[in-house]
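Overview (structure and organization)
The primary structure of each chain is shown beneath.
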Amino acid sequence: MAGEGDSEPRKSFKLLGFLDVKSVPCARESVLYGSLGSLVVGLGHFLATSRVRRSCDFAVGGFICTMLGYWFYCRYNLAQHRIRQRMLKEGMRNKILFEGSSLDPERKQTGSERSDS
């Protein structure tokens with residue numbers, strides 16, 4: 001009963017028809033931070049100048065700047081994380097491959113082992 005609805009795939013939300021917010025990394029956070037930035041910039045400009053139209057223009061600009069700024073920040077961190085993850089995976093693969101062999105860099109060779117080789 002409760003688990004029956006879990007098997008259905010959920011519909012994804014597409015922003016502007018092409019940006020799938022659910023599956024694209026960093027898209028959801030970028031839109032949320034952009035809307036918050038828009039609110040802060042627009043409301044702050046309105047409280048300072050009392051011009052409605054110009055405040056809306058500033059709010060749209062604040063949304064674009066905040067969204068793009070956080071998008072690039074998040075994508076950069078995601079790329080760094082993936083690079084570190086790839087390096088760690090390769091290191092673990094090499095550790096498994098070379099463990100116990102003569103090519104193992106952590107294996108300390110003694111004088112008697114060197115003369116046998």
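Refer to the structure printed above.
Residues numbered from 1 in each chain as written. Predicted model: local features only at pLDDT ≥ 70, side-chain atom pairs only at ≥ 80, totals over all residues. Heavy atoms only, no water.

Some details on the overall build of the chain
Definition in use: Runs of E in the DSSP output that reach at least two residues are strands. Runs of H or I that reach at least four are helices, and both are numbered from the N terminus. Buried residues are those whose accessible area, probed at 1.4 Å on protein chains only, stays under 20% of the maximum for their type, while exposed residues exceed 50% and partly exposed ones sit between those limits. Here the accessible surface of atoms and residues is derived via Shrake-Rupley with a 1.4 Å probe, and residues count as covered only by protein chains that are part of the display.
Check the secondary structure of the chain and you find three helices and two strands. Secondary structure elements of the chain occur, N-terminal to C-terminal, as β-β-α-α-α. Among the 117 residues that make up the chain, the fraction classed as buried is 14%. Accessible surface, the chain as shown: approximately 10000 Å² in total, 61% of it carbon and sulfur.

Regarding the state of the cysteines
Put simply, the test is: Counting rule for disulfides: a pair of cysteine sulfur atoms within 2.5 Å.
If you walk through the whole model with that rule in mind, you get one disulfide. Between the sulfur of C26 and that of C74 lies a disulfide, 2.0 Å long from S to S. Measuring handedness by torsion sign, the sulfur bridge of C26 and C74 sits at about -70° and is left-handed. With C26 in the loop between β2 (19-20) and α1 (27-49) and C74 in helix α2 (residues 52-98), this pair connects stretches of sequence that are 48 residues apart.

So, the environment of A59
The condition that has to hold: A contact between two residues is defined here by any heavy atoms of the two lying within 4.5 Å.
Among the structural elements, A59 can be located in helix α2. A59 gets classed as buried once you look at its relative accessible area, which sits at 14%. Expressed as a C-alpha distance, the spacing of A59 and V40, which sit 19 residues apart in the sequence, is 7.8 Å. With near-sequence residues (within four places) excluded, A59 lies in contact with S38 and G42.

Examining a nonpolar patch on the surface
Defined as follows: Patch members must show over 30% relative accessible area and no salt bridge, and they are joined within 9 Å when carrying like charges or within 5 Å when they are nonpolar side chains of Val, Leu, Ile, Met, Phe, Trp or Tyr. Every case where a carboxyl oxygen of Asp or Glu lies within 4 Å of a side-chain nitrogen of Lys or Arg is listed as a salt bridge.
Where nonpolar side chains cluster on the molecular surface, the patch consists of Y33, L36, L39 and V40 and spans about 410 Å² of accessible area. In this structure, V40 sits in helix α1. On the basis of relative accessibility, which here comes to 56%, the residue V40 falls in the exposed class.

Some points on α2
The condition that has to hold: By definition here, a helix of n residues has an expected span of 1.5 Å times n minus one.
For α2, with 47 residues, the first-to-last C-alpha span of 68 Å sits near the 69 Å given by 1.5 Å per residue. In this structure, the buried side of α2 is in contact with α1. Positive backbone phi, at 85°, marks G100, one or two positions downstream of α2.

Focus on the side chain of S38
Under the convention used in this document: Under this definition, polar contacts are N or O atom pairs within 3.5 Å; protein pairs additionally need one hydrogen-donor-capable and one acceptor-capable atom, and for neighbouring residues in sequence, both atoms have to be side-chain atoms.
Within the fold, S38 resides in helix α1. Within polar-contact distance, the side chain of S38 engages the backbone oxygen of A59 at 3.1 Å.

A word on the packing of aromatic side chains
Two aromatic rings are characterised by how far apart their centres lie and by the angle between their planes. Threshold: Each Phe, Tyr or Trp ring (for Trp, its six-membered ring) is paired with any other whose centre lies within 6.5 Å, and the angle between the two planes then decides the class: stacked below 30 degrees, edge-to-face above 60, tilted in between.
Applying the stated criterion across every chain yields a total of two aromatic pairs. Their ring planes at 55° and their centres at 4.6 Å tell us that Y33 and Y70 sit as a pair that is tilted. Pair noted here: Y33 is in helix α1 and Y70 is in helix α2, with a separation of 37 residues, a long-range link. Judged by its relative accessible area of 23%, Y70 falls in the partly exposed class. Between the aromatic rings of Y70 and Y73, the centroid separation amounts to 5.9 Å while the plane-to-plane angle is 45°, which identifies the pairing as tilted.

Re the packing of α1 against α2
Selection rule: Where helices are involved, their axes are fitted lines through C-alpha atoms of the stretch in contact, as for all axes, and angles between N-to-C directions lie from 0 to 180°. Throughout this description, any angle smaller than 35 degrees is read as roughly parallel, any larger than 145 degrees as roughly antiparallel, any in the 65 to 115 degree range as roughly perpendicular, and the remainder as oblique. What makes a crossing left-handed is the near helix being turned counterclockwise from the far one by less than a right angle; a clockwise turn instead makes it right-handed. Note on residue classes: Ala, Val, Leu, Ile, Met, Phe, Trp, Tyr, Cys and Pro are nonpolar, Asp, Glu, Lys and Arg are charged, and everything else, Gly too, is polar.
For the pair α1 and α2, interaxial distance at closest approach is 7 Å and the crossing angle is 150°. Classified by the angle their axes make, α1 and α2 are roughly antiparallel. Our pair here, α1 against α2, has a crossing hand that is right-handed. Considering only residue class, the contact of α1 with α2 consists of twelve nonpolar, eleven polar and two charged.

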